[in-house]
Amino acid sequence: GGMAAALLLLLLLVAAGPGPGRADAGRERRDALREELLLSPLPTGDVAATFQFRTRWDADLQRGAVSHYRLFPKALGRLVAALGVRELHLALTQGFWRTRFWGQPPLQAPAGAELWVWFQPTVTDVDKAWKELSNILSGIFCASLNFIDSTNTVIPTASFKPLGLANGTDHHLLRYAVLPREVVCTENLTPWKKLLPCGSKAGLAVLLKAERLFHSSYHSQAVHIRPICRDASCLAVSWELRQTLTVVFDFFSSGQGKKDWSLFKMFSRTLTDTCPLASQSKVYVDISPKNKEKELLEVSPPPTSVHEAIVQGDKKTYAVYDLLSPLLFNTSRSLNVQLKWKRPQDSSEMPVPTLHAQRYVGGYGLQTGEICTLIHNTHPYRAFPVVLLETVPWYLRLYVHTLTIITKGKENKPSYIHYQPAQDRRRPHLLEMLIQLPANSVTKITIQFERALLKWTEYPPDPNHGFYVGSSVLSALVPSVTAMKDTDVEQSPLFTSLFPSSDGSSYFVRLYTEPLLVNLPTPDFSMPYNVICLTCTVVAVCYGSFYNLLTRTFHVEEPSRGGLAKRLANLIRKFRGVPPL
Amino acid sequence: VCTSRFWFNYRHVANTLSVYRSVKRLGIPDSHIVLMLADDMACNPRNPKPATVFSHKNMELNVYGDDVEVDYRSYEVTVENFLRVLTGRIPPSTPRSKRLLSDDRSNILIYMTGHGGNGFLKFQDSEEITNVELADAFEQMWQKRRYNELLFIIDTCQGASMYERFYSPNIMALASSQVGEDSLSHQPDLAIGVHLMDRYTFYVLEFLEEIHPASQTNMNDLFQVCPKSLCVSTPGHRTDLFQRDPQNVLITDFFGSVRKVEITTETLSLDRDAAGFESKFPEEELATEPLKYAEQLPVAQIIHQKPKQKDWHPPGGFILGLWALIIMVFFKTYGIKHMKHVF
């Protein structure tokens, strides 16, 4: 007994011996930051700038007591660990990405606030965790996400599959909500910038100044947290936090009418130094030639390298400025990338994207209406399926028997429909369909609805503005022009590795349609007092007249004689018991 | 707190943001400020200069700035939320930035602006808070010892009526106009198209720009701000509930935050390995087979998805009533003795 105990103690001491050694091994850096800016000129002369800041942490947030946060922000790390979140995607957007004119977006988000979350299978009460999560995020990002409740949350069954590692996709662990009325302004950008390791003081984030970012056609900031493979063998899990910000600058409103752009013209600042915590910091400029001609775009100063990649199924060329290379800041202290067009563009060259959609409300009056969605497939010979997810609030009562899908004049039956009707004041409508789009076609989907009358306490303070219907989501595997090769995620630029691709023949794209604004029958809230007075007067006059007519009788009355003195005297005489005057 | 909605009430948001800016400049951090703005002016589509809110014409001073955190915005600014913040009776899942976490040693500054009348303040054009409700809320705060001293400033028409009913100790109140008077706005900006600030808050902002964290200006100077010649209305104040003499109360007691700092000359040595936190990473178990990413659009899997099992609900009232009717009719017609044939 004693011998065994002594042996055990000895073993423990030996095991604890290389303690300091292990501490040294644990000191190696387990998190890394990469930052990237992509400038892509759009066919209409505007320019889109996409910032991506990616913090990757080789630790398992779910298991183990992680208490030391370095680059990964503590607010989000504690959130993921405490609420059992597997994936979190939050986007705050102002404006709309015009796919028809600008091309496929790298990552689009619907107008307003969008939050979709996959929870771990260990979470027992998903709805409670969802409510707590939206409240905590509303405090972190200064957005009214606490308005997310069961009236605008849905559980999609076919869209929004996890973007990170997943073993099994039980859709009861997924929640999706959109707040189309949410406004995005500097108070949302400030906490977003504070989550970056270098803040907005060094690196690419110095360009993020609110006065320029919100003076744009489209501004979208997002936070994505997901688990990813740690290395090629994919036996361990790392956590990735991506903060993306996409902004489209309008060349009309930025003045001077010329289509030349530069960092100073867009952001009113230039890049001066790099974030010391970043392991990679690059600026990519899309200089792909269109229609296989020679280059149209000239960039200055000359880039450090040129990178070719297949992005969204098409071969593209990028000029790369590596901010960490010593050659870049040789000549001047600041980097101001300038884009100049070599020859003027004409509008006939605008390429049409393979998949684009639009949505609008039809009908007239305040009783009924119709939601129409048009989906265009402009590929000349390939057909592909698309999943359409529509979330309609309960006060627009959809009639599913009026749902029609027409392609090229014929009815198109979807391969899969999931419809969940609304419950008044509890649940919105959810309509998910998998539709095959034939080549070179336009598909029109219409569904009729009836507008409900809300209770007078349910109207917002500005009911005459209208009520928003959130954007519908189209998820599709679009056939690529050029087959994509499987490349290492760590070596390729960040904007190519957001969606995990399974095979190279098609690429995944998620598009959003326009949000709709419908008017509900609204009472006139300024009138209750006047209405009560008028109604009471009418009732008194009508009913009172009838009552008098039916019940009033006339009788003769003695004329009253004498004034006040006589009445007082009569009163005293009554007390005395003497007959009155 | 700004309680007005719509673009033409730009000046109320500018009022609130200028006071916010002053208290931040004088040292109060965002975690100690609850800012409520009932509408968004900076990123309003009608704002010709997005992400800015100006307080002086010719766009001299942008009070919105680059570092602003709004806690309650848009539809969240309601009388109920305001009273809940004051009294602390807030749902448990509310984040910290939306709570008033004060105790009995906190000095609280409350600034409200909007449209008001004799005895009430209008919230978002759809509801009102009366002076009685406000006084009761302050009494609740006093009973729970949620403040040490409270300074209440209100810039609305007939603002003095809002502090008439206070009855809790240690409250000092200022208003921009007396009962029966209107508070007027200062100046319009023709480029933006609306009035930018109210007069009283404009002169209070000018006064506060002179204050720095170490200044010794006291409350009597604040009472003199904006005399009738500049403000057209007569600002009022109330100090009878306040225990100290306003002469001795510094402006920075409410508008600024000065921390007590203790300077020491001895050196402290921090032990490098004391916590050993980096080495505490538990050894992770690696998966036995490689993990995979999910397929984004698994068409075959979607088509063959089993329909979701509908949760069983007990039959609703209508169905139960219908069956009860059928059974009653059956037994009425055939008599109860036939029940043995049923079972």
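Everything below is about the structure printed above this text.
Computed from a prediction, not measured in an experiment: that's the story for all the values here. (Residues numbered from 1 in each chain as written. Chains lettered and ligands numbered in written order. Predicted model: local features only at pLDDT ≥ 70, side-chain atom pairs only at ≥ 80, totals over all residues. Heavy atoms only, no water.)

Chemist: Explain the sheet that holds strand β16 (residues 368-377) of chain A to me, using residue names and the numbers behind them.
Modeler: Residue and element names in this part refer to chain A. Spatial strand order, β15-β16-β22-β18-β19: five strands in an open sheet with antiparallel pairing. Lying at the two open borders of the sheet, with one neighbouring strand each, are β15 (355-362) and β19 (410-411). Note: strand β18 (residues 396-407) against strand β22 (residues 441-451), eight bridges, orientation antiparallel. Among the inter-strand pairings, Ile406 is bridged to a residue of β22, identified as Lys444. (Pairing = 2+ DSSP bridges. Helix = DSSP H or I, 4+ residues; strand = E, 2+ residues; numbered from the N terminus.)

Chemist: Could you give an account of unusual backbone geometry, naming the residues involved and the relevant values?
Modeler: For the peptide bond that leads from Ser300(A) to Pro301(A), omega is -5°, which places it in the cis range. Its place among the elements puts Pro301(A) in the loop between β11 (297-300) and β12 (305-311). We note that Gln124(B) has phi near 55°; this positive angle belongs to a residue other than glycine. Along the chain, the position of Gln124(B) falls in the loop between β5 (120-123) and β6 (127-130).

Chemist: So, the pairing of strand β8 (residues 171-175) of chain B: which residues are in play, and what are the values?
Modeler: On any regular strand, side chains alternate: one points to one face of the sheet, the next to the other face. Residues and elements named next belong to chain B. β8 sits mainly inside the fold: five of its five residues count as buried. Along β8, one buried face is formed by Ile171, Ala173 and Ala175 and the opposite face, lined by Met172 and Leu174, is buried too. With five bridges connecting them, strand β7 (residues 149-155) and β8 associate as parallel partners. The residue of β8 that forms the bridge with Leu150 is Ile171. As defined by bridge partners, β8 adjoins strand β9 (residues 236-238) across three bridges and the pair is classed as antiparallel. Directly across from Ala175, in β9, lies its bridge partner Gly236. (Buried < 20%, exposed > 50% of the residue type's maximum accessible area, 1.4 Å probe, protein only.)

Chemist: Before we move on, could you go through the nonpolar core and cite the residues and values that matter?
Modeler: Leu17(B) and Phe255(B) are the most contacted members of the largest nonpolar core, which totals 154 residues. With residues near it in sequence (within four places) discarded, Leu17(B) still touches Leu35(B), Leu37(B), Val53(B), Val63(B), Tyr64(B) and Val68(B). Counting residues in each nonpolar core, the second largest holds 37 residues, with Ile375(A), Trp394(A), Ile435(A) and Tyr459(A) among its members. (Core = buried A, V, L, I, M, F, W, Y, C linked by side-chain atoms within 4.5 Å. Contact = heavy atoms within 4.5 Å.)

Chemist: Outline the packing of aromatic side chains, supporting the account with residue identities and numerical values.
Modeler: Pairs of aromatic rings are described using the distance from one ring centre to the other and the angle between the two planes. Applying the stated criterion across every chain yields a total of 29 aromatic pairs over all chains. Between the aromatic rings of Phe499(A) and Phe508(A), the centroid separation amounts to 5.2 Å while the plane-to-plane angle is 70°, which identifies the pairing as edge-to-face. A relative accessible area of 17% means that Phe499(A) is categorised as buried. When the ring of Phe6(B) is compared with that of Phe8(B), the centres are 5.9 Å apart and the planes differ by 25°; the resulting orientation is stacked. The class of Phe6(B) is partly exposed, set by a relative accessible area of 28%. We classify Phe8(B) as exposed; its relative accessible area is 52%. (Phe/Tyr/Trp six-rings, centres within 6.5 Å; stacked < 30°, edge-to-face > 60°.)

Chemist: Any chance you could break down the state of the cysteines for me, citing the residues and the numbers?
Modeler: Residue and element names in this part refer to chain A. Summed over all chains, the structure comprises four disulfides over all chains. Paired by a disulfide, Cys198 and Cys275 hold their sulfur atoms 1.8 Å apart. Between Cys198 and Cys275, the S-S torsion sits near 80°, and that sign places the bridge as right-handed. Of the two residues, Cys198 is situated in the loop between α6 (186-194) and α7 (210-213) and Cys275 in the loop between α8 (263-267) and β10 (278-286); the sequence distance between them amounts to 77 residues. Classification of Cys198 by relative accessible area gives buried; the value is 15%. With a relative accessible area of 1%, Cys275 lands in the buried category. Here Cys229 connects covalently by a disulfide to Cys234, the sulfurs 1.8 Å from one another. Here the disulfide of Cys229 and Cys234 is left-handed, its torsion about the S-S bond being about -65°. (Disulfide = S-S within 2.5 Å.)

Chemist: Quick rundown of the interface of chain A and chain B? Include the residues and the values.
Modeler: How large an interface is tends to be reported as the accessible area lost when its parts come together. The interface is formed by 72 residues belonging to chain A together with 56 residues belonging to chain B. Surface buried jointly by chain A and chain B totals about 5,400 Å² across both partners, of which 57% is contributed by carbon and sulfur atoms. On the surface where chain A and chain B come into contact, there are seven salt bridges. Note that Lys194(A) and Asp67(B) form a salt bridge whose closest N and O atoms lie 3.4 Å from each other. Seen at the junction of chain A and chain B, the total is 20 residue pairs in polar contact (both at pLDDT 80 or more). (Buried area = accessible area lost by both parts, 1.4 Å probe. Salt bridge = Lys/Arg side-chain N within 4 Å of Asp/Glu carboxyl O. Polar contact = N/O pair within 3.5 Å; in protein donor to acceptor, adjacent residues only side chain to side chain.)

Chemist: Go over the environment of Leu403(A), please, and point to the residues and values.
Modeler: All names here are of chain A. The topology assignment puts Leu403 in strand β18. Taking the C-alpha atoms as reference points, Leu403 and Ile447, 44 residues apart in sequence, are found 4.5 Å from one another. Discounting chain neighbours no more than four positions away, the residues touching Leu403 are Leu431, Met433, Ile445, Thr446 and Ile447.

Chemist: How would you sum up the sheet that holds strand β20 (residues 416-420) of chain A? Please name residues and give values.
Modeler: Residues and elements named next belong to chain A. Spatial strand order, β20-β21-β17-β24-β25: five strands in an open sheet with antiparallel pairing. Of all the strands in the sheet, just β20 and β25 (506-512) have a single pairing partner and so form its edges. On average, adjacent strands in this sheet sit at an angle of 15° to one another, irrespective of strand direction. As paired elements, strand β17 (residues 384-392) and strand β21 (residues 429-437) share nine bridges and run antiparallel to each other. Of the residues in β21, the one forming a bridge with Thr391 is Leu430. (Axes fitted to C-alpha atoms, helices over the stretch in contact; angles between N-to-C directions.)

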